[in-house]
Amino acid sequence: MEALIYLLNFVFDAFIMLLILRVWMQLVRADFYNPFSQFVVKATSPLVVPFRRVIPGFAGIDLATLLIAYAVACLKIYVFFLLGIYAMDPVASFLIGLILLAKTMGAVLMYVMIAMALMSWVVQGGSPIQLVFHQLTEPVLRPIRRIMPDLGGIDLSVAIAIFVLIFLSKLISGAIPYWAIL
């Protein structure tokens, strides 16, 4: 049963993360001809394209993809309820789906920043994935860089952003009961 839970958790979370990345890349106007961007678009298009015909975007936000991400998060909670992993009211899965979506957004941001930081140490020259990660994280890191003093070429903005994300997660977990188990 533990292997099934791990597999389901991975599949649901990976797909939710891809959907969030798709919305995020559209918001920051990332390069959609980049191989990483093409992967995200092609992996999510079979489910997103039919809904985009019906649900229009709003203020540059792809509402169809965001609603699908929310629906997949609710479905994950409901499936785990049916398997007996979560003991809650099935109707509560709609609210907890929002919580899961918010937590996954923070996790995606943190994973992208960690990957970008590691790639900056290892990858010599420009990498297509590194370019997209830079485009994704720059709106978050730019305000931190403006406040931080110049440390002689050492950029601590990623470390500060990750610290803030973890702090917010710990703060929210005290206020929202299901935050810690999702």
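Higher on the page you've got the structure.
Residues numbered from 1 in each chain as written. Predicted model: local features only at pLDDT ≥ 70, side-chain atom pairs only at ≥ 80, totals over all residues. Heavy atoms only, no water.

(A) Structural view of the packing of helix α4 (residues 93–122) against helix α5 (residues 128–147). At a minimum axis distance of 9 Å, the contact between α4 and α5 shows a crossing angle of 125 degrees. One way to sum up the angle between α4 and α5 is to call them oblique. Helix-helix and strand crossings are classified by hand; for α4 and α5 the assignment is left-handed. Residues Leu109, Val112, Met113, Ala115, Met116, Met119 and Ser120 of α4 pack against Ile129, Gln130, Phe133, His134, Leu136, Thr137, Val140 and Leu141 of α5. Looking at the contact of α4 with α5 residue by residue, the class counts come to 11 nonpolar, four polar and no charged. (Axes fitted to C-alpha atoms, helices over the stretch in contact; angles between N-to-C directions. Helix = DSSP H or I, 4+ residues; strand = E, 2+ residues; numbered from the N terminus. Parallel < 35°, antiparallel > 145°, perpendicular 65-115°, else oblique. Left-handed = near helix turned anticlockwise from the far one by under 90°. Contact = heavy atoms within 4.5 Å. Nonpolar A, V, L, I, M, F, W, Y, C, P; charged D, E, K, R; others polar.)

(B) Quick peek at the environment of Leu27. Mapped onto the fold, Leu27 is located in helix α1 (residues 2–27). Expressed as a C-alpha distance, the spacing of Leu27 and Ile61, which sit 34 residues apart in the sequence, is 6.4 Å. Leaving out residues up to four positions away in the same chain, Leu27 has contacts with Gly60 and Ile61.

(C) Structural context of the nonpolar core. Counting 39 residues, the largest nonpolar core has Ile16, Leu21, Trp24, Val112, Met113, Phe133 and Leu136 as the members making the most contacts within it. Where this core is concerned, the elements lending two or more residues are α1, α2 (35–54), α3 (63–82), α4, α5 and α6 (157–175). Looking at this core, the element that brings in the most residues is α4, giving 10 residues. When residues no more than four places from it in sequence are discounted, the contact partners of Leu21 are Phe36, Val40, Val108, Val112 and Leu136. (Core = buried A, V, L, I, M, F, W, Y, C linked by side-chain atoms within 4.5 Å. Buried < 20%, exposed > 50% of the residue type's maximum accessible area, 1.4 Å probe, protein only.)

(D) Spatial organisation of a nonpolar patch on the surface. A contiguous nonpolar surface patch, about 510 Å² in accessible area, is contributed by Phe163, Val164, Phe167, Leu168 and Leu171. Structurally, Phe163 can be placed in helix α6. (Patch = residues over 30% accessible without salt bridge, like charges linked within 9 Å, V, L, I, M, F, W, Y side chains within 5 Å. Areas by Shrake-Rupley, 256 points an atom, 1.4 Å probe, with all protein chains shown as cover. Salt bridge = Lys/Arg side-chain N within 4 Å of Asp/Glu carboxyl O.)

(E) Quick peek at unusual backbone geometry. One non-glycine residue, Arg29, lies in the positive phi region at around 55 degrees. With respect to the secondary-structure elements, Arg29 resides in the loop between α1 and α2. Residue classification places Arg29 among the exposed residues on the basis of a relative accessible area of 72%.

(F) Summary view of the pattern of salt bridges. Within the structure shown, the criterion is met by four salt bridges. One salt bridge connects Arg142 with Glu138, and the closest N-O pair in it is separated by 3.8 Å. With Arg142 and Glu138 both in helix α5 and four residues apart, this pair spans about one turn of that helix. In this structure Glu138 comes out as buried when scored by relative accessible area, which is 16%. Residues Glu138 and Arg145 are paired through a salt bridge, measuring 2.7 Å at the closest nitrogen-oxygen approach. Judged by its relative accessible area of 29%, Arg145 falls in the partly exposed class. Several salt bridges converge on common partners, so that one network encompasses Glu138, Arg142 and Arg145.

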